[in-house]
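# Fold and contact review
One-letter residues, chain by chain:
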Amino acid sequence: MQSNSQTITENKQDFLPLKGTDFIEFYVGNAKQAAHYYKSAFGFKNLAYAGPETGVRDRASYVLVQGKIRLVLTTPLNSNHPINQHLIKHGDGVHSLALWVDDAYYAFEQTVKRGAKVFMEPTTIKDENGEVRMSGIHTYGETVHIFVERKNYNGPFMPGYVKMESEFNPEDVGLLYVDHCVGNVGWNRMNTWVKFYEDVLGFKNILSFDDKDISTEYSALMSKVMSNGNGYIKFPINEPAEGKKKSQVEEYLDFYEGEGVQHIAVATNNIIDTVTKLRSRGVEFLTIPDSYYDSLKDRVGNIDEEIKILKSLSILVDRDDEGYLLQIFTKPVEDRPTLFYEIIQRKGAKSFGKGNFKALFESIEIEQAKRGNL
Ligand code: FE2
């Protein structure tokens, strides 16, 4: 039985090789100002643009880059645009987690055959720099996955966009790539979406956390981490669990008015430097109680970083069998308490900081209480 399920899992992995996260597209109320925030606070740079100046009449999209991370910030330019419905319901949020593939038509065929709901039929777009082939499927909430094939394209982003240069280029903060993207789904919906990623995209459930792992005195959640075959794409899926008070996932679902992306974790090779720079530019992080650091050495053993410095920056540490990791979480980056970021530095560890859940969630609850949502 064991070997049978192993074989099935391996076969499932083969049909959708993913090369990484291609881009993350946000629908926002004012892309020009959001782009300025991600540049000045997070150290992104302009890469490309589409809007009225380039012949696109109904929206403006700013493409920003740092390391291998590409963010697309899109705003509709009139009240009839369908993107407005997304904005009215969810506020600013992630619409698309785009996945880099070798063959977007094949990815579409394989996933739709396995039950994916169609978002975008396979499409080829061309300009003088070559062609990009794309297709898209729906996932949780109103979030979608776009499959992007760009092996025959040499332009800055994709056809329809022009290279964008700016005189305002703040120094980057050392963000390298997307480590994982977490989705919040509704009550008792986690296993539905776990099955979706297993059956439709061939992912594996590599880690599970139940409400005993992730609960404080007040609130709880459950989580399963889904990974594609090569581990480049990791999507943890959270659902709320019953506690004395309102779970942070429930707060998200209330304010996002549905399922959606909760946090994007971005990797750095030097978290102390990255977080020092982010703090100096006004990025707000969750505060961790001093007591967390009193027992840190006993819990994680020897680490390269000075605990005093980690404490001054509220950086968390956790260890697993393969090494340790350092991580920190921003406060929500929008007025609705929905999307936030994680900065993560992995020193061998491949896990997600289970040893930090309690300290982290107590810290989130302090913020929830301030908002009157606990
Ligand atoms: Fe995370």
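The sections below set out a description of the structure shown in this document.

Rules and cut-offs
Residues numbered from 1 in each chain as written. Predicted model: local features only at pLDDT ≥ 70, side-chain atom pairs only at ≥ 80, totals over all residues. Heavy atoms only, no water. Buried < 20%, exposed > 50% of the residue type's maximum accessible area, 1.4 Å probe, protein only. Helix = DSSP H or I, 4+ residues; strand = E, 2+ residues; numbered from the N terminus. Pairing = 2+ DSSP bridges. Core = buried A, V, L, I, M, F, W, Y, C linked by side-chain atoms within 4.5 Å. Domains from an automatic or database assignment. Contact = heavy atoms within 4.5 Å. Phe/Tyr/Trp six-rings, centres within 6.5 Å; stacked < 30°, edge-to-face > 60°. Lys NZ or Arg CZ within 6 Å of the ring centre and 35° of its normal.

What follows is about the pairing of strand β4 (residues 69-76). Of all eight residues in β4, eight are buried, a share of seventy percent or more. Covered by surrounding structure in β4 are Ile69, Leu71, Leu73 and Thr75 together with Arg70, Val72, Thr74 and Pro76, the residues of both alternating faces. Relative to β4, strand β1 (residues 20-27) runs parallel, the two sharing four bridges. Looking across to β4, one finds that Tyr27 is bridged to Thr74. For strand β3 (residues 59-66) and β4, the ladder comprises eight bridges, and the chain directions are antiparallel. Bridge pairing in β4 places Ala60 opposite Thr75. Turn length for the β3-β4 hairpin, with the two strands adjacent in sequence and antiparallel, is two residues, and the turn residue Gly67 shows positive phi of about 55°.

With that settled, consider the nonpolar core. Counting 90 residues, the largest nonpolar core has Phe26, Tyr38, Phe42, Leu201 and Ile264 as the members making the most contacts within it. Mapping this core onto the domain boundaries places at least three of its residues in each of domain 1 (11-163) and domain 2 (175-371). In this view, Phe26 contacts Tyr38, Leu71, Val72, Leu73, Thr74, Gly93, Val94, His95, Ile264, Leu339 and Tyr341; residues no more than four positions away in its chain are not counted. Phe23, Val63, Val144 and Val148 belong to the second largest nonpolar core, which has 17 residues in total.

Enumeration according to the criterion identifies 21 aromatic pairs in this entry. Ring centres of Phe42 and Tyr341 lie 5.2 Å apart, and the angle between their planes is 50°; on these two criteria the pair is classed as tilted. Residue Phe42 is located in the loop between α2 (31-40) and β2 (45-50), and its partner Tyr341 is located in strand β17 (residues 340-347); the two are separated by 299 residues in the primary sequence. Exposure remark for Tyr341: the relative accessible area of 4% places this residue in the buried category. Over the ring of Tyr105 we find Arg133, and its NZ or CZ is 4.0 Å from the ring centre.

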